[in-house]
Amino acid sequence: MRSGSSELLLEQQQQELRLRKLRELAPKKKNGNRRFRSWRERARFYATSTLAFFSVTAGASLLFLVPLYVDPAISTLSHDFIENPTLCTTSRREDLVGIFNCSWSSCREGCTSDLYKCVHIYVTFIEDNITIPENMTDYTNYTADWTQSDEATLLVNIKGCGYPPTVTCKTFNAFYGVEGAIYPCYYSRKNKTVVLTSYSHDDQVHVIVHFFAVPFVITLISSIALCIMHCDCRCKKDRSHRRNRPQCRRPRIDNLSDTSISTRVDMLTPAIEVYKPPL
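Residue positions within a chain follow its written sequence, with the count starting from 1. Note on the predicted model: pLDDT of at least 70 is required for a residue's local features to be given, and 80 or more for side-chain atom pairs to be given and counted; whole-chain, interface and lining totals, by contrast, use all residues. To obtain the side-chain values, all non-hydrogen atoms of the structure were included, while hydrogens and water were left out.

Per an unreviewed UniProt entry, the chain is named Protein tipE-like, and its organism is Musca domestica.

Quick look at the structure:
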């Protein structure tokens, strides 16, 4: 009986030890280790998330806005088109097929696809400064008294391409591609072989400001704010190599005093007297 009771006690003790080890090894509850953030930490977290969102979004938008809107606007301003419209007359139209014949087009829908069909519209315009009367629809009698320029190419915009609904090439070619059609237009002062059907200097400036300047400023300000919040952006001179440089200079003999030399000589004399060379 005693042996049986002792075995039961040992089993109970072993079970208790197992339970203790399991409790120690078991993962603690998350709520017990949860640390409550202060209002400053929360404000810092939300400010960082907001600034990072604006920085990434504005920076990524520049990758699409610059080639689609900003670059054509800058090219248009660099050509220096006239501000007041003149009158153009369509001299001829060519409908071509083939990638080698279509190096350019007066209008095409889509600026990245290859051209297999294209329309070339050639015009002549009045180079003199004229004032077109308002509400005039028939320009035939008005252009008869003016001399026409050399032949130039008519484009829907500086790139000759666009996307619906802004650019609809079917309507453009049907209206401007008729030989003898007369309409207002704008020619370039730097290259008089380039003519546009519409132009506004203020609109091009607005495109550059809205699609480039605003996203760029947002990206720059948000990036600087993130740097200030999480990085040490101050410029400091690194002088650690000067402080940690080992002292390799030896003391000069001139700096030693006479007393130190005499003490060293006194310490060496007993050793010299004790030592006697063998005969």
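**Student:** Would you take a moment to explain unusual backbone geometry for this structure?
**Tutor:** Peptide bonds are, in most cases, trans, and in most cases residues other than glycine have a negative phi. The linkage connecting proline 164 with the following residue, proline 165, adopts the cis geometry, with an omega of 0°. One non-glycine residue with positive phi stands out, namely aspartate 80, at about 60°. With respect to the helices and strands, aspartate 80 occurs in the loop between helix H3 (39–78) and strand E1 (86–97). Helix numbering and strand numbering both begin at the N terminus, where a helix is a DSSP run of H or I of at least 4 residues and a strand a DSSP run of E of at least 2.

**Student:** Mind showing me how you'd approach the nonpolar core here?
**Tutor:** Nine residue types can take part in a nonpolar core, namely buried Ala, Val, Leu, Ile, Met, Phe, Trp, Tyr and Cys, and a core is a set of them joined through side-chain atoms within 4.5 Å. Each residue gets one of three labels from its accessible area relative to the maximum for its type: buried under 20%, exposed over 50%, partly exposed in between, using a 1.4 Å probe on protein chains only. If you look at the biggest cluster of nonpolar residues, it comprises 26 residues, and the most contacted ones within it are Leu154 and Val195. Sequence-distant contacts of leucine 154, defined by excluding residues within four places in its chain, comprise Ser106, Ile121, Val123, Phe172, Tyr176, Tyr183, Val195, Leu196 and Thr197. Leu87, Ile132, Tyr139 and Ile182 belong to the second-largest nonpolar core, a separate cluster that totals six residues. Two residues qualify as a contact provided that any one of their heavy atoms is within 4.5 Å of a heavy atom in the partner residue.

**Student:** What exactly am I supposed to notice about a nonpolar patch on the surface here?
**Tutor:** Patch definition: residues above 30% relative accessible area lacking any salt bridge, with like charges linked at up to 9 Å and the nonpolar side chains Val, Leu, Ile, Met, Phe, Trp and Tyr linked at up to 5 Å. Computed with the Shrake-Rupley method and a 1.4 Å probe, the accessible areas treat only the protein chains shown as cover for residues. The term salt bridge refers to a pairing of a side-chain nitrogen on Lys or Arg with a carboxyl oxygen on Asp or Glu at a separation within 4 Å. On the surface, Phe212, Phe216, Val217, Leu220, Ile221, Ile224 and Ile228 cluster together to form a nonpolar patch covering roughly 650 Å² of accessible area. Take isoleucine 224: it is sitting in helix H6 (residues 201–230). Residue isoleucine 224 is classed as partly exposed on the basis of its relative accessible area, which comes to 44%.

**Student:** Just checking my understanding: could you explain helix H5 (residues 169–176) for this structure?
**Tutor:** Because an α-helix completes one turn every 3.6 residues, residues spaced three or four positions apart along the sequence face the same direction. Turning to H5, its buried residues are Cys169, Phe172, Asn173 and Tyr176. An end-on view of H5 places all buried positions within 90° of arc, on one side of the element. Opposite the buried face of H5, at more than 90 degrees from it, the exposed residues are Lys170, Thr171, Ala174 and Phe175. The directions from the helix axis to the C-beta atoms form the arc being described.

**Student:** Could you clarify how one ought to interpret the UniProt feature "transmembrane region" (unreviewed entry) in the chain in this entry?
**Tutor:** UniProt positions are given in the numbering used here, feature names are shortened, and annotations may be inferred rather than shown by experiment. Feature annotation in UniProt assigns "transmembrane region" (unreviewed entry) to the following positions: residues 45–70 and 207–229. Here residues 45–70 is 100% helix and 0% strand, with 35 Å between the C-alpha atoms at its ends.

**Student:** Explanation requested: the environment of threonine 197 in the structure shown.
**Tutor:** Tracing the backbone through its elements, the reader meets threonine 197 in the loop between strand E5 (194–196) and H6. By relative accessible area, which is 14% here, threonine 197 ends up buried. C-alpha separation for the pair threonine 197 and proline 85, spaced 112 residues apart in sequence, amounts to 9.0 Å. Among all residues touching threonine 197, those that are not within four sequence positions of it are Leu154, Leu155, Val156, Phe172, Tyr176, Pro184 and Tyr186.

**Student:** What am I meant to see in the state of the cysteines here?
**Tutor:** Linking two cysteines covalently through their sulfur atoms gives a disulfide. The definition used for a disulfide is geometric: two cysteine sulfur atoms within 2.5 Å. Overall, the coordinates contain four disulfides when judged by the stated rule. Between the sulfur of cysteine 107 and that of cysteine 169 lies a disulfide, 2.2 Å long from S to S. Judged by the torsion about the S-S bond (-85°), the cysteine 107/cysteine 169 disulfide is left-handed. Here cysteine 107, found in the loop between E1 and strand E2 (117–125), pairs with cysteine 169, found in helix H5; they are 62 residues apart in sequence, far enough to count as distant. Across this residue pair, the class does not change: cysteine 107 and cysteine 169 are buried. Paired through a disulfide, cysteine 111 and cysteine 161 show a sulfur-sulfur distance of 2.1 Å. The S-S bond linking cysteine 111 to cysteine 161 shows a torsion near 110°; that makes this disulfide right-handed. Note that cysteine 111 is positioned in the loop between E1 and E2 and cysteine 161 in the loop between strand E3 (152–155) and H5, a separation of 50 residues in sequence.

**Student:** Whenever I open this one, the packing of aromatic side chains confuses me. Can you help?
**Tutor:** Both the distance between ring centres and the angle between the ring planes are used here to describe each pair of aromatic rings. A pair of aromatic rings is counted whenever rings of Phe, Tyr or Trp (Trp by its six-membered ring) have centres within 6.5 Å, and the orientation is called stacked for planes under 30 degrees apart, edge-to-face for over 60 and tilted otherwise. Using the criterion set out here, one finds twelve aromatic pairs in the structure. Taken together, a centroid distance of 5.4 Å and an interplanar angle of 70° make the contact between phenylalanine 45 and tyrosine 46 edge-to-face. Accessibility expressed as a relative area gives 43% for phenylalanine 45, which makes it partly exposed. Charge-over-ring contacts are defined here by two conditions on Lys NZ or Arg CZ: a distance within 6 Å of the ring centre and an angle within 35 degrees of the ring normal. The positively charged end of arginine 92 is found above the aromatic ring belonging to tyrosine 122, 3.9 Å away from the centroid.

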